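Observations on the three-dimensional arrangement
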Amino acid sequence: NGVVTIDPGYKNTGSCESAITFLDGEKGILRYRGYSIEELAEKANFLEVAYLLIFGELPTQAQLDKFHGDIKAQSVVDEDVRKIIDAFPKSAHPMGVLASLTSALTAFNPSSVNVNSEEDMYKAIVKIMGKFPVLVAWTLRKKQGLPLDYGDNSVGYVENVLKMMFKQPNCDYKLDPVVVDALDKLLILHADHEQNCSTSTVRIVGSSHAGLFASLSAGISALWGPLHGGANQAVLEMLEGIKEDGGDTKKYMAKAKDKDDPFRLMGFGHRVYKNFDPRAKIIKKSADDVLGNLGVQDPILDIAKGLEKEALEDAYFVDRKLYPNVDFYSGIIYRAMNIPTDMFTVMFALGRLPGWIAQWREMRLNKEPIGRPRQIYTGATHRPFKAIDQR
Ligand code: CMC
């Protein structure tokens with residue numbers, strides 16, 4: 001009707017109808033396609049969840065085998081990708097590298113851009129599901145000076161990710177079921193979260209028909225920020241900082257509450273969850289299990305638990321309904337798996353990949369119009385041009 005209302009941060013603006021993820025922030029409920037996150041984390045594996053999110057139903061064994069087979073057939077990248085990776089400095093942040101490489105995939109796979117049918121979409125989807133783990137693993141391997149090797153397609157999707165990341169020259173990586181299970185869970189918990197910042201980015205970029213890989217690359221950039229996926233790196237750096245500072249959690253609680261101090265308790269608060277983040281509950285237990293099973297003693301876990309206890313009893317956090325979110329404990333698990341801190345958000349991206357894909361596919365199948373918000377103009381009214389010598 002031509003009337004523009006402003007809603008900064010889109011706190012109360014719906015951008016689409018979606019049948020993928022249900023989220024009730026008051027009750028702490030998260031469901032993918034109707035299935036509760038608790039049940040999926042316990043009983044499904046990541047590839048099944050990916051299929052569920054993208055295609056709407058849990059796969060039969062035959063459907064899963066076909067999906068996995070099609071992905072495996074795409075699990076190589078163009079040889080020139082190695083040259084691109086080599087051109088990055090070793091100090092490059094892995095999220096910047098991953099966003100660039102994902103965008104570069106479009107150049108090597110131009111046919112993935114124009115998707116005019118569900119079959120075209122399927123081809124683009126299995127391509128990215130196959131190639132993305134290679135980019136993730138090679139981003140890490142480049143940082144660690146390891147050869148850019150492929151994994152082992154005879155094992156599961158998540159198992160192969162681990163092999164590709166950690167395989168040493170002349171020495172196969174021995175899969176530990178505790179680590180596989182923990183990574184499966186983490187990826188499932190991160191797999192979708194309705195219209196968050198990165199997913200909205202994927203949908204809005206995709207709405208211009210820019211193509212799946214370019215849309216995903218934009219989503220990766222959105223995820224990078226510390227208020228979104230980058231929080232997992234920021235949490236661990238914060239916990240390490242507290243430890244080095246003598247473990248004085250009270251000092252950091254005071255900083256977080258001080259309105260003149262920009263410091264925030266990373267891993268706390270959520271735009272939608274106002275009672276608890278159901279993912280955080282699962283992850284906290286998983287952190288205990290993984291560290292226990294791997295025999296890892298990490299003082300950082302004690303600091304995290306202390307901080308959580310203090311915050312949950314503190315009026316500032318209680319009044320504002322600030323609870324630990326999914327990223328408060330995820331970094332502790334990644335650390336126990338020997339994943340470097342600046343790779344944490346890359347792992348989040350790997351988990352979010354099927355969610356982004358599902359949302360992009362839904363947006364295209366629904367034939368949604370190009371995203372184009374309006375504004376209320378607050379600049380100068382019309383004024384005459386001034387020649388440069390009169391300014
Ligand atoms: N530490 C201290 N104060 C906080 C925090 C925090 N982590 N989070 C929010 N607040 C305060 C904020 O200062 C504001 O106070 P006041 O009402 O006095 O001005 C109030 O709580 C509401 O905060 P907001 O920034 O208006 O809330 P938002 O919905 O815009 O932001 C958030 C949500 C997640 C960005 C924010 O809570 C935050 O910055 N948290 C830390 C970063 C983080 O952990 N992000 C990961 C989110 S979960 C993973 C993901 O989905 O990406």
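Per an unreviewed UniProt entry, the chain is named Citrate synthase, and its organism is Bizionia sediminis. According to UniProt, the comment filed for the chain under the heading Sequence similarities (unreviewed entry) is "Belongs to the citrate synthase family."

**Considering the overall build of the chain**
Summing up its helical and strand segments, the chain has 17 helices and three strands in all. In summary, the chain has a C-alpha radius of gyration of 22 Å against a globular reference of 21 Å for 391 residues, a match within 12%. Along the three orthogonal principal directions, the C-alpha set of the chain runs to about 70 × 55 × 50 Å. Scored against the burial criterion, the 391 residues of the chain give a buried share of 44%. Here the analysis covers contacts within the chain between residues at least 6 apart in sequence; of these, 77% occur between residues at least 24 apart.

**Considering the site of the ligand**
Residues in contact with the ligand amount to 21 residues; listed here are only the nearest, Ala231, Arg264, Gly269, Arg271 and Asn325. Of the residues assigned to the shell around the ligand, the class counts are eight nonpolar, nine polar and four charged.

**Remarks on helix α2 (residues 46–55)**
Burial within α2 is extensive, with nine of its ten residues counted as buried. Taken together, the buried positions of α2 are occupied by Phe46, Leu47, Glu48, Val49, Ala50, Tyr51, Leu52, Leu53 and Ile54. One or two steps after α2, the chain reaches Gly56, where phi turns positive at roughly 100°.

**Thoughts on the sheet that holds strand β2 (residues 29–32)**
The sheet built from three strands is open, its strands ordered β1-β2-β3 with antiparallel pairing. Edge strands, defined here as strands with exactly one partner in the open sheet, are β1 (21–24) and β3 (35–36). Relative to β3, β2 is paired through two bridges, and the arrangement is antiparallel. In the strand pairing of β3, Tyr32 is matched with Tyr35.

**Points about the pairing of β2**
Burial along β2 is one-sided: the face carrying Leu30 and Tyr32 is buried and the face carrying Ile29 and Arg31 is not. Of the pairings in the sheet, the one linking β1 to β2 comprises four bridges and is antiparallel in character. Looking at β2, one finds that Asp24 is bridged to Ile29. Taking the residues that link successive antiparallel strands as the turn, the β2-β3 hairpin has two residues, and the phi of Arg33 there is positive, at about 50°.

**Things to note about the environment of Gly219**
In this structure, Gly219 sits in helix α10 (residues 212–224). Counting along the chain gives 32 residues from Gly219 to Leu187, while the straight-line C-alpha distance between them is 17 Å. Filtering out sequence-adjacent residues up to four positions away, Gly219 remains in contact with Ser198, Thr199, Thr201, Val202 and Trp356.

**Description of the packing of helix α11 (residues 231–244) against helix α16 (residues 327–336)**
Relative placement of two packed helices is described by the angle separating their axes and the distance separating the axes. At a closest axis distance of 8 Å, the pairing of α11 and α16 adopts a crossing angle of 75°. Between α11 and α16, the crossing angle belongs to the class labelled roughly perpendicular. In this structure, α11 contributes Ala231, Asn232, Val235 and Leu236 to the contact, and α16 contributes Asp327, Phe328, Ser330, Gly331 and Arg335.

**Examining the domain arrangement of the chain**
When the domains of the chain are assigned, the result is domain 1 (17–225 + 342–365) and domain 2 (231–336). With 21 residues of domain 1 in contact, the opposing surface of domain 2 contributes 22 residues. Sorting the residues of the side of domain 1 that touches domain 2 by element identifies β2, α1 (37–43), α8 (177–190) and α17 (344–365) as the ones contributing at least two each. If one sorts the elements of the side of domain 1 that touches domain 2 by residue count, α8 sits on top with six residues. Each residue belonging to the side of domain 1 that touches domain 2 can be placed in one class, and the counts come to twelve nonpolar, four polar and five charged.

**Here's the deal with unusual backbone geometry**
Even without being a glycine, His209 presents a positive backbone phi close to 65°. Judged by local crowding, His209 falls into the partly exposed class, with 13 C-beta atoms found within 10 Å. Phi is positive for Lys321, which is not a glycine, with a value near 55°. Looking at the element boundaries, Lys321 is found in the loop between α15 (315–319) and α16.

**Some points on the confidence of the model for the chain**
Summary statistics for the chain give a mean pLDDT of 95 and a share of 100% for residues scoring 70 or more. On the interface metric, ipTM, the complex scores 0.96, and its pTM is 0.94.

**Focus on α10**
For α10, built from 13 residues, the straight-helix expectation of 18 Å at 1.5 Å per residue is met to within 8% by its first-to-last C-alpha distance of 18 Å. Counting buried positions along α10 gives eleven out of 13 residues, so the element sits mostly inside the fold. Within α10 the residues assigned to the buried category are Leu212, Phe213, Ala214, Ser215, Leu216, Ser217, Ala218, Gly219, Ile220, Leu223 and Trp224. For α10, the secondary structure elements touched by its buried residues are α5 (94–108), α6 (118–143), α9 (197–206) and α17.

**Here we look at the environment of Gln168**
Summarising the element assignment, Gln168 is placed in the loop between α7 (157–166) and α8. Along the primary structure Gln168 and Pro147 are separated by 21 residues, whereas in three dimensions their C-alpha atoms are 8.5 Å apart.

Definitions and cut-offs
- Residues numbered from 1 in each chain as written.
- Predicted model: local features only at pLDDT ≥ 70, side-chain atom pairs only at ≥ 80, totals over all residues.
- UniProt positions renumbered as here; feature names shortened; annotations may be inferred.
- Helix = DSSP H or I, 4+ residues; strand = E, 2+ residues; numbered from the N terminus.
- Rg over C-alpha atoms; globule rule 2.2 N^0.38 Å.
- Buried ≥ 20, exposed ≤ 12 C-beta atoms within 10 Å, placed from the backbone.
- Contact = placed C-beta atoms within 7 Å.
- Near = placed C-beta within 6 Å.
- Nonpolar A, V, L, I, M, F, W, Y, C, P; charged D, E, K, R; others polar.
- Pairing = 2+ DSSP bridges.
- Axes fitted to C-alpha atoms, helices over the stretch in contact; angles between N-to-C directions.
- Parallel < 35°, antiparallel > 145°, perpendicular 65-115°, else oblique.
- Domains from an automatic or database assignment.
- pLDDT = per-residue confidence, 0-100.
- Expected span 1.5 Å × (residues − 1).

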